[in-house]
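Now for the letters of each chain:
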Amino acid sequence: MFYYVLKYVLLGPLLRLLFRPRIEGLEHVPDEGPAIVAGNHLSFSDHFLMPAILPRRITFLAKAEYFTGPGLKGRLTAFFFRSVGQIPVDRSGRTAAQSAIAEGLGVLGKDELLGIYPEGTRSHDGRLYKGRVGVAAMALKAGVKVVPCAMVGTFEIQPPGRVVPRLGRVTIRFGEPMDFSRYAGIADERAALRAVTDEIMYEILRMSGQEYVDRYATDVKAEQAAKAAQTARHRPRLLRR
């Protein structure tokens, strides 16, 4: 219930007014039945803007950290994500990944729309990173089509670290549903999962116009954090007067 109050009364109209989203290809999102909407992830605003313009309800697999943050901000964030029916996902290992796939299949099994960001995390620099194969595993196991989605302009209005978005116009672009039925029977083969995932990421890349990086965003972020920590350790200490 709260989902629809936010969508049609509280948040949706406000987002449309402030960001005037251009919506392209909305006809590609099926009116009924299960499907996966797979998009790039540039900003925290993505969580609000895409659901606000979709006629159907969409359930996202959201990182567990959104549900466990400290303080008032953490509690408010957790309340919001729980209220709109988003599913927390532990990203800490292979077992966690299997659990996330099971949760996603549960959503699809109820003939609903499932939203997923194959990169697994927000892009820290506006580029598109290599996709995780969970999206392919769910698409093949459930036998559903994947609708690629490109968010354009959300990085500029709210890059990582910015709490309050800037005012600006964004574009939300949906592509034609992608059918992977030719992979039926080999859903557990790594090569098939990688091929499907890369095909999805290529379509997102084509629609978004981003620069592509053939590495996982989490690995790049970890490397940068390690370098920053090393630099901080070796930075000369200022002499006290």
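First, a word on what this report is: a plain description of the structure on this page. (Residues numbered from 1 in each chain as written. Predicted model: local features only at pLDDT ≥ 70, side-chain atom pairs only at ≥ 80, totals over all residues. Heavy atoms only, no water.)

Overview of the sheet that holds strand β3 (residues 58–63)
Strand pairs in the sheet, formed through backbone hydrogen bonds, run parallel or antiparallel to each other. Condition: For two strands to be treated as a pair, DSSP must find at least two bridges joining them. Each helix is a run of DSSP H or I of at least 4 residues and each strand a run of E of at least 2, with the numbering of both proceeding from the N terminus. For helices, the fitted line uses only the C-alpha atoms of the stretch in contact; every axis is such a line through C-alpha atoms, and the angle between N-to-C directions lies from 0 to 180 degrees. By the convention used here, residues are in contact when the closest approach between their heavy atoms is within 4.5 Å.
Ordered by their spatial adjacency, 7 strands build an open sheet running β1-β8-β7-β2-β5-β3-β4, and the pairing between neighbours is mixed. The open sheet has two edge strands with one neighbour each: β1 (22–24) and β4 (87–89). Neighbouring strand axes in the sheet, compared pairwise and without regard to direction, differ in orientation by 25° on average. Direction of pairing for β3 relative to β4: parallel, over a ladder of 3 bridges. Looking across to β4, one finds that Leu61 is bridged to Ile87. Against the sheet, helix α6 (residues 134–142) engages β2 (35–39), β3, β5 (113–116) and β7 (146–152), with an angle of about 165° to β2.

Examining empty space enclosed by the protein
Note the cut-off: Detection works on a 1 Å grid of protein atoms alone, calling trapped sets that fit a 1.4 Å probe cavities and calling open sets with protein on both sides within 12 Å along at least five of seven lines pockets, with lining residues defined by an atom within 4 Å of a point. Grid points are joined across faces, edges and corners, and a volume is the space filled by probe spheres set on the points. Under the scheme applied here, ten amino acids are nonpolar (Ala, Val, Leu, Ile, Met, Phe, Trp, Tyr, Cys and Pro), four are charged (Asp, Glu, Lys and Arg), and all others, including Gly, are polar.
On inspection of all chains with the given rule, the structure shows 1 cavity of 30 Å³ or more. Each pocket or cavity is described by its volume, and for the largest cavity that value is around 170 Å³. Tyr3, His47, Pro51, Phe80 and Val84 are, among the 16 residues lining the largest cavity, the residues nearest its centre. For the lining of the largest cavity, the elements supplying multiple residues, two or more each, are α1 (2–10), α2 (12–19), α3 (46–53), β3 and α4 (71–83). Per-element accounting of the lining of the largest cavity gives the leading share, 4 residues, to α3. Its residues assigned to classes, the lining of the largest cavity shows 12 nonpolar, 3 polar and 1 charged.

Quick notes on the nonpolar core
Keep this limit in mind: Definition of nonpolar core: a set of buried residues of the types Ala, Val, Leu, Ile, Met, Phe, Trp, Tyr and Cys, connected through side-chain atoms within 4.5 Å. Each residue is assigned to one of three classes by its accessible area relative to the maximum for its type, calculated with a 1.4 Å probe on protein chains only: buried under 20%, partly exposed between the two thresholds, exposed over 50%.
If you look at the biggest cluster of nonpolar residues, it comprises 32 residues, and the most contacted ones within it are Ile36, Met138, Phe180 and Ile200. Secondary-structure elements contributing two or more residues to this core are β2, β4, α5 (94–109), β5, α6 and α8 (190–208). With sequence-adjacent residues up to four places away left out, Phe180 is seen in contact with Leu140, Val146, Val196, Glu199 and Ile200. Counting residues in each nonpolar core, the second largest holds 31 residues, with Leu15, Met50, Leu54 and Ile172 among its members.

Here we look at the pairing of strand β8 (residues 171–174)
With 3 bridges connecting them, β1 and β8 associate as parallel partners. Paired with Arg22 across the bridge in β8 is Thr171. Pairing of β7 with β8 involves 4 bridges; the strand directions are antiparallel. Residue pairing across strands places Ala150 opposite Arg173, the latter belonging to β8.

Observations regarding the packing of aromatic side chains
Counted only if it meets this: Any two of the Phe, Tyr and Trp rings considered here, Trp counted by its six-membered ring, make a pair once their centres fall within 6.5 Å; the pair's planes then place it as stacked at under 30 degrees, edge-to-face at over 60, or tilted in between. Whether a charge lies above a ring is judged from NZ of Lys or CZ of Arg, which has to be within 6 Å of the ring centre and within 35 degrees of the ring normal.
A full pass over the atoms with the stated rule returns 3 aromatic pairs. Ring plane angle 65° and centroid distance 5.3 Å describe the contact between Phe44 and Phe48, whose orientation is recorded as edge-to-face. Relative accessible area serves as the criterion here: at 19%, Phe44 is assigned to the buried category. For the ring pair Phe180 and Tyr183, a centre distance of 6.5 Å and an interplane angle of 50° mean the geometry is tilted. Geometry around Tyr216 places Lys130 over its ring, the cationic atom sitting 5.0 Å from the centre.

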